[in-house]
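The residues making up each chain are set out below.
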Amino acid sequence: MGVVQGSNHKPRGNAYICNLNFVFSNFNAHLGEKMDLSQEILRLKKEKKAVILAHNYQRPEIQDVADYIGDSIELSRKAAEEKDAKMIVFSAVDFMAESAAILNPDKKVLLPCLGARCPMAQMLTVDEIKRAKKQHPKAPVVLYVNTLAACKAECDVCCTSANAVEVIESLDADTVLFGPDKNLAEYAAQKTGKTLIPIPANGFCPTHLLFQPEDVKVLKMQHPNATVMVHPECSSEMRQVADFIGSTSKMCRHAKESSAKEFIVGTEEGILHRLRKENPQKSFYIAYEGAICPNMKLTRLEQLYAALKDEKNVVKVPDAVAKKAHKSLERMFAV
């Protein structure tokens, strides 16, 4: 994708943007082909007693064939409630499918695209957690769910961007080790008044880091009555220009409940499809048009169909790791 004339789409030296031409070159050329494939996926889903989960950042056509759309843990909990389902097809990135496998040990979990990996989750290693524990032996470890299962097995409790503040507040400790997102740690520290030590020191989401307050200011000139919604993974500068800060699930809820008719959205552009479907009388503008996660967009209908048809790309978490990680997730749910 080149620069869009007259828009707020400006290239920003991010390696992920360089891959967008490749990511989107595989879109189906004809809507009819998409519809045929979608119908076949729905047929197979019923035949195999499968449930399809799609993250809010997935392609529109993926969201349209999903049984549930939401954030990672919201979706995993939905899957656990599907008592008749034998299989979970998780259209998202690696750590989300791992969480689904941990929380649903009796179901087969499939990840349609094995290459769909969260770069932020890759930033934290087990060794880094162990080093931090040695340096701060009395500090509990809280990990964002955007981590790999092996890391979750090393923490005391997990959190989501929706409940990070509540999880931190529930701990009887003034100093907490928190990973891997530095911006979410900063946001939770401001809300709780506690000291959060980020592990690693500078973990971040490459997509959310693309948002800049200057873009919001330009859009506000065009839409002065618009409410600005920003994800807590964004920089502190972006959070300062926001009217509302919250996870994707909280954004969707706020958009429904708010009396505002226009919204400027500071998170991955995939959420716009859901926001517009659920609020057809309202208008939504992405704060930066280049805010596209290429990893979330790797999953296409063809891959979803192949995974479901051949039951391939089964996600396996070693029992010892799954048992420990399950405890940290359950503690989060208890909060």
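Above this note sits the structure.
Throughout what follows, the structure given in this document is the object of discussion. Keep in mind it's a predicted model, so treat the numbers as computed, not measured.

Parameters at a glance
Position labels on residues start from 1 in each chain and follow its written sequence. Totals for whole chains, interfaces and linings use every residue, but because this is a predicted model, local features are given only for residues with pLDDT of at least 70 and side-chain atom pairs only at 80 or more, for both listing and counting. Only hydrogens and water are removed before side-chain values are computed, so all heavy atoms of the structure are retained for them. Each helix is a run of H or I in the DSSP string that is no shorter than four residues. Each strand is a run of E no shorter than two, and both are numbered from the N terminus. Type-normalised accessible area, obtained with a 1.4 Å probe on protein chains alone, sets the label of each residue: buried when under 20%, exposed when over 50%, and partly exposed for intermediate values. In this description, contact between two residues means that some pair of their heavy atoms is separated by no more than 4.5 Å. In these tables, accessible area is a Shrake-Rupley quantity obtained with a 1.4 Å probe, and a residue counts as shielded only by the protein chains included in the view. DSSP calls a pair of strands paired once it identifies at least 2 bridges connecting them. Convention adopted: a line fitted to C-alpha atoms gives each axis, helices being fitted over their contacting stretch, and angles between N-to-C directions are expressed from 0 to 180 degrees. For Phe, Tyr and Trp, where Trp contributes only its six-membered ring, two rings pair if their centres lie within 6.5 Å, and the inter-plane angle classes them as stacked under 30 degrees, edge-to-face over 60, or tilted in between. Look at NZ for Lys and CZ for Arg. If either is within 6 Å of the ring centre and within 35 degrees of the ring normal, a charge sits over the ring. Crossovers are marked right-handed if the path from the first strand over the helix to the second runs clockwise, as seen with the strands pointing away from the viewer.

1. Some thoughts on the overall build of the protein
Turning to step 1, where the next piece is worked out: Counting its secondary structure elements, the protein contains 16 helices and 12 strands.
Turning to step 2, where the next piece is worked out: The burial tally for the protein puts 57% of its 335 residues in the buried class.
Turning to step 3, where the next piece is worked out: Summarising the internal contacts of the protein: among those between residues at least 6 apart in sequence, 64% fall at separations of at least 24.
Turning to step 4, where the next piece is worked out: Here the protein displays about 15,000 Å² of accessible surface, and carbon together with sulfur accounts for 50% of that area.

2. Some points on the sheet that holds strand 12 (residues 283-286)
Turning to step 1, where the next piece is worked out: The sheet built from four strands is open, its strands ordered 10-9-11-12 with parallel pairing. The sheet terminates laterally at strand 10 (244-245) and strand 12, the two strands that pair on one side only.
Turning to step 2, where the next piece is worked out: Examined bridge by bridge, strand 9 (residues 227-230) and strand 11 (residues 262-266) share four bridges and lie parallel to one another. For M229, the partnering residue across the bridge sits in strand 11 and is V265.
Turning to step 3, where the next piece is worked out: Strand contacts of helix 14 (residues 271-278): strand 9, strand 11 and strand 12, with the helix running at about 170 degrees to strand 12, the strand carrying the most contacts.

3. Some remarks on the environment of F95
Turning to step 1, where the next piece is worked out: On the secondary structure map, F95 appears in helix 5 (residues 94-103).
Turning to step 2, where the next piece is worked out: If sequence neighbours within four positions are ignored, F95 has contacts with S72, C118, A121, V145, N146, T147, L148 and K152.

4. Focus: the packing of aromatic side chains
Turning to step 1, where the next piece is worked out: Applying the stated criterion across every chain, the model contains one aromatic pair.
Turning to step 2, where the next piece is worked out: An angle of 15 degrees between the planes, with centres 5.1 Å apart, marks the rings of F263 and F284 as stacked. Of this pair, F263 sits in strand 11 while F284 sits in strand 12, and the two are 21 residues apart along the sequence. Like F284, F263 is buried.
Turning to step 3, where the next piece is worked out: Of note, R77 hangs over the ring of F333, and the distance from its end group to the ring centre comes to 4.1 Å.

5. Concerning unusual backbone geometry
Turning to step 1, where the next piece is worked out: Here the amide bond leading from G179 into P180 is cis, since omega sits at -5 degrees, within 30 degrees of zero.
Turning to step 2, where the next piece is worked out: Summarising the element assignment, P180 is placed in the loop between strand 7 (175-179) and helix 10 (182-192).
Turning to step 3, where the next piece is worked out: Cis geometry is found at the peptide bond from I199 to P200, where omega equals -5 degrees.
Turning to step 4, where the next piece is worked out: Here K49, not a glycine, exhibits a phi torsion of approximately 55 degrees, which is positive.
Turning to step 5, where the next piece is worked out: One can find K49 in the loop between helix 2 (31-48) and strand 1 (50-55).
Turning to step 6, where the next piece is worked out: With phi around 50 degrees, E311 is a residue other than glycine that occupies positive phi space.
Turning to step 7, where the next piece is worked out: As for its position among the elements, E311 is in the loop between helix 15 (301-310) and helix 16 (319-334).
Turning to step 8, where the next piece is worked out: On the basis of relative accessible area, E311 is assigned to the partly exposed category, the value being 27%.

6. A word on the side chain of N279
Turning to step 1, where the next piece is worked out: With respect to the helices, strands and loops of the structure, N279 is situated in the loop between helix 14 and strand 12.
Turning to step 2, where the next piece is worked out: Given a relative accessible area of 7%, N279 falls into the buried group.
Turning to step 3, where the next piece is worked out: Setting aside residues up to four positions removed in sequence, N279 forms contacts with A255, K256 and F284.

7. Considerations on the environment of N56
Turning to step 1, where the next piece is worked out: With respect to the element layout, N56 can be found in the loop between strand 1 and helix 3 (60-65).
Turning to step 2, where the next piece is worked out: Between the C-alpha atom of N56 and that of S249, which follows or precedes it by 193 residues, the distance is 8.5 Å.
Turning to step 3, where the next piece is worked out: Residue contacts for N56: discarding those within four places in its chain leaves Q63, I69, G70, D71, T248, S249, G270, I271 and R274.

8. Some remarks on the pairing of strand 11
Turning to step 1, where the next piece is worked out: Of all five residues making up strand 11, four are buried, and the element is well covered by its neighbours.
Turning to step 2, where the next piece is worked out: Strand direction decides the pairing type here: strand 11 and strand 12, joined by four bridges, are parallel. Bridging across to strand 12, I264 finds its partner in Y285.
Turning to step 3, where the next piece is worked out: Of the crossover connections in this fold, the one passing from strand 11 over helix 14 to the parallel strand 12 is right-handed.

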